[in-house]
Amino acid sequence: MSERTIELEVLRYRPEQDQEPFFQTYKVPCEEEWVVLDALNYVKEEMDRTLSYRWSCHMFVCGSCGMMIDGEPKLACKAFLKDYPTGKIRVEPLSNFPIERDLVVVLDDFVEKLESVKPYIIPKEERTVEQGEYLQTPAQLKAFKQYTLCINCLCCYAVCPQYGLDESFVGPAALALAHRYNMDSRDLGRAARDDVVAAAEGIWHCSFVGACSQVCPKDVDPAGAIQQAKFAHGIDYLTSFLPGGKR
Amino acid sequence: MNPRKPYVRPISKTSWFMTQGRYKVYMLHEISSLFVAIYTAILIIGLVRLGEGEAAWQGWLDAVTSPIGVIFHLIAFVFALIHTTSWFKAVPQAMRIQRGEEIVPGKLIVGAHYGVLAAVSLFVLILAGVA
Ligand code: SF4
Ligand code: SF4
Ligand code: FES
């Protein structure tokens, strides 16, 4: 196993003593197959116990280690050091979110938005246990499966310029999740979600920059989900003029 | 005392799009629509002029074939290409077509768009007697 010294430039912010964030550089002896998260863990364990950051699974499933790595929002556990040949890596907390401490950002705004889109199945028909389970064909599952893969890492929010400019925007992951339930054959909650989803701060606020889908580590394609939702609403609007259409 | 003191990093409202390559690409796409719009407006004015008679039509023709007219149309053509390619690239995201358990591959959808574009262009060129 070969070792390499990486210069880790970490944006630090300690609310009890700092007026604003500053960069602190750590020279970290790293093993070749390490990811950025391993380097941070080394700093925490061997060099500076005061460094704060979030992580849990170390295998791209929990979504807690999203951060800016050389300016790109990435999962620190999925950012391999070998992809940074210069040996210098800049690590910052996710853009577009307030910094709580060091690499930890304030997530309250996102959690509120996530709740606001009612991310759960609102069933077509209430069934009793005796009536059995809700059935779904593989094709019906396929229609929304991609959008279930989101791990709430918020990389998409960190790169979305609309969210950066105006945080009233519901944003990519929450809208993609709303789409996930709207596309579910067992669900009948679209109208209930529309208060938030079809509002000006919802899908119509997205200008299809597409940045969110480019950075998503799970290939959820939130930009696609939002455009499809716009399309569905456009069709609704047009068919409302037809005889029998609901206006 | 509440020890929390979240720090908000400032974002420029006027130059955010210069901070990342992908935002610049997006802006280029947005700006290109402006040129497509102007081109379309000129074309519509041409139609109106045609309806107004020979002299009006000739005046419009002279204007679009003047050096400034030609230069504008060359620039507009480049922007129209940018606009078309960037839109077509994004189409599969907005147009997700499912056949049974399969999602129709994006390449096929983009290819179909270019196919239709080629067919329509050829038709127009034949009509115009160029091809
Ligand atoms: S959509 Fe992708 S980038 Fe956004 S929170 Fe979900 S997994 Fe992360
Ligand atoms: S496509 Fe929409 S949600 Fe995604 S980054 Fe662009 S503006 Fe934001
Ligand atoms: S630590 Fe769980 S996704 Fe990175």
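Residues numbered from 1 in each chain as written. Chains lettered and ligands numbered in written order. Predicted model: local features only at pLDDT ≥ 70, side-chain atom pairs only at ≥ 80, totals over all residues. Heavy atoms only, no water.

As annotated in an unreviewed UniProt entry, chain A is succinate dehydrogenase from Candidatus Defluviicoccus seviourii. The heading Sequence similarities (unreviewed entry) in the UniProt record of chain A holds the text "Belongs to the succinate dehydrogenase/fumarate reductase iron-sulfur protein family." For chain A, the Subunit (unreviewed entry) comment in UniProt is given as "Part of an enzyme complex containing three subunits: a flavoprotein (frdA), an iron-sulfur protein (frdB), and diheme cytochrome b (frdC)." (UniProt positions renumbered as here; feature names shortened; annotations may be inferred.)

Q: So what exactly am I meant to see when it comes to the site of ligand 2 here?
A: Residue and element names in this part refer to chain A. In the vicinity of ligand 2 there are 13 residues, among which Cys 160, Cys 206, Val 209, Gly 210 and Cys 212 approach most closely. Here ligand 2 is seated within the second largest cavity. Elements represented by at least two residues in the shell around ligand 2 include exactly helix H8 (211-215) and helix H9 (222-239). Looking at the shell around ligand 2 residue by residue, the classes come out as ten nonpolar, three polar and no charged. (Near = heavy atom within 4 Å. 1 Å grid on protein atoms, 1.4 Å probe; cavity = no way out; pocket = protein on both sides within 12 Å on 5 of 7 lines; lining within 4 Å. Sits in = over half its atoms within 2 Å of the grid points. Helix = DSSP H or I, 4+ residues; strand = E, 2+ residues; numbered from the N terminus. Nonpolar A, V, L, I, M, F, W, Y, C, P; charged D, E, K, R; others polar.)

Q: Would you take a moment to explain the packing of helix H2 (residues 108-116) of chain A against helix H6 (residues 172-182) of chain A for this structure?
A: The geometry of a pair of packed helices is captured by two quantities: the angle between their axes and the separation between those axes. All names here are of chain A. In the contact formed by H2 and H6, the axes pass within 9 Å of each other and the chain directions differ by 15 degrees. With respect to H6, the axis of H2 lies roughly parallel. Viewed along their axes, H2 and H6 form a crossing whose handedness is right-handed. Where H2 abuts H6, its residues Phe 110, Lys 113 and Leu 114 lie against Ala 173, Ala 174 and Leu 177. Per-class residue counts for the contact of H2 with H6 are five nonpolar, no polar and one charged. (Axes fitted to C-alpha atoms, helices over the stretch in contact; angles between N-to-C directions. Parallel < 35°, antiparallel > 145°, perpendicular 65-115°, else oblique. Left-handed = near helix turned anticlockwise from the far one by under 90°. Contact = heavy atoms within 4.5 Å.)

Q: Quick question: what am I supposed to make of the sheet that holds strand E1 (residues 3-12) of chain A here?
A: Residue and element names in this part refer to chain A. Pairing is mixed in the open sheet, where five strands are placed in the order E2-E1-E5-E3-E4. A strand with exactly one partner marks an edge of an open sheet, and here the two such strands are strand E2 (22-31) and strand E4 (72-75). The mean angle between the axes of side-by-side strands here comes to 35 degrees, regardless of whether they run parallel or antiparallel. For E1 and E2, the ladder comprises ten bridges, and the chain directions are antiparallel. Its bridge partner being in E2, Arg 4 is matched across the sheet by Cys 30. Sheet strands touched by helix H1 (residues 36-47): E1, E2, strand E3 (66-69) and strand E5 (88-92). Its angle to E2, the strand with the most contacts, is close to 100 degrees. (Pairing = 2+ DSSP bridges.)

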